[in-house]
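Structural overview for review
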Amino acid sequence: RKEVEQDPGPFNVPEGATVAFNCTYSNSASQSFFWYRQDCRKEPKLLMSVYSSGNEDGRFTAQLNRASQYISLLIRDSKLSDSATYLCVVNNRRKFYFGSGTKLNVKP
Amino acid sequence: ETGVTQSPTHLIKTRGQQVTLRCSSQSGHNTVSWYQQALGQGPQFIFQYYREEENGRGNFPPRFSGLQFPNYSSELNVNALELDDSALYLCASSLVGTSLGDTQYFGPGTRLTVL
């Protein structure tokens, strides 16, 4: 079983739509969690850390559910520039596990 | 930009050869992690270096080795290259020992092709 699993997508949404991604992880002892975005042939860029209390950064909201072992990312009012692959990352004892990514296409 | 740099940008090697990739961490960061990203996949954790010691290792064979220097820069060495080693190699720096210690910032990567 993979440490981190994501729906690969693609999610094709119109501008202005709200879209949500989930990511599940297998190790309940995992300590920290992140969302990164990666544009084609570029390096991953940190989008936000994820906390149990939930955190919001503008149009982006991330949530951690430890009981069900999943993290989520909600994007409101999608922009064309949000088109990218979104990677969830789970840290367990200084080993960082990436999901395979969820591809988002925002269309005009 | 993250301030993390990697060299070279691209590299072509043949099977059986050895390769060394280099990474300079963001100013003030003390930890470097290395990842391998195959096409269409997420990055796979190779190892992490903190204070010049390996501080965590993923599921990679011993022919993948590394070093960290006193200035926190790092090298990734791969011996006996195989075709499946063709990938984008990413390094990420972080500042362990603070509340943000798990937050990693990536360099642009080195694209390795093994023929």
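Calculation criteria
Residues numbered from 1 in each chain as written. Chains lettered and ligands numbered in written order. Predicted model: local features only at pLDDT ≥ 70, side-chain atom pairs only at ≥ 80, totals over all residues. Heavy atoms only, no water. Phe/Tyr/Trp six-rings, centres within 6.5 Å; stacked < 30°, edge-to-face > 60°. Helix = DSSP H or I, 4+ residues; strand = E, 2+ residues; numbered from the N terminus. Buried < 20%, exposed > 50% of the residue type's maximum accessible area, 1.4 Å probe, protein only. Pairing = 2+ DSSP bridges.

This next bit is on the packing of aromatic side chains. A full pass over the atoms with the stated rule returns 13 aromatic pairs over all chains. Relative to B:Phe106, the ring of A:Tyr36 has its centre 5.5 Å away and its plane inclined at 90 degrees; by these criteria the two rings are edge-to-face. Taken as a pair, A:Tyr36 in strand S4 (residues 32-38) and B:Phe106 in strand S10 (residues 105-106) lie in two separate chains rather than in one. Across the pair, B:Phe106 and A:Tyr36 agree in class, each one buried. Here the aromatic rings of B:Tyr35 and B:Phe106 are separated by 5.4 Å at their centres, their planes lie at 50 degrees, and the arrangement is tilted. Linking B:Tyr35 in strand S4 (residues 31-37) with B:Phe106 in strand S10, this pair joins segments that are 71 residues apart in sequence. Exposure class is identical for B:Tyr35 and B:Phe106. Each is buried. Connected via pairs of aromatic rings, a cluster forms that spans A:Phe34, A:Tyr36, A:Phe96, A:Phe98, B:Tyr35, B:Phe45 and B:Phe106.

Let's shift gears to the environment of A:Met48. The residue A:Met48 is located in strand S5 (residues 45-50) in this model. Taking C-alpha positions, A:Met48 is 11 Å from A:Ser72, a pair spaced 24 residues apart along the chain.

This part covers the pairing of strand S6 (residues 53-57) of chain B. Residues and elements named next belong to chain B. In terms of strand pairing, strand S5 (residues 44-50) meets S6 through three bridges, oriented antiparallel. Bridge pairing in S6 places Phe-47 opposite Arg-57. Counting the residues in the hairpin turn of S5 and S6 gives two residues, including Arg-51, whose phi is positive at 50 degrees.

Another aspect to go through is the environment of A:Thr24. All names here are of chain A. By the secondary structure assignment, Thr-24 is in strand S3 (residues 19-25). Judged by relative accessible area, Thr-24 falls into the partly exposed class, the value being 34%. In sequence terms Thr-24 and Val-4 are 20 residues apart; their C-alpha atoms lie 5.7 Å from each other.

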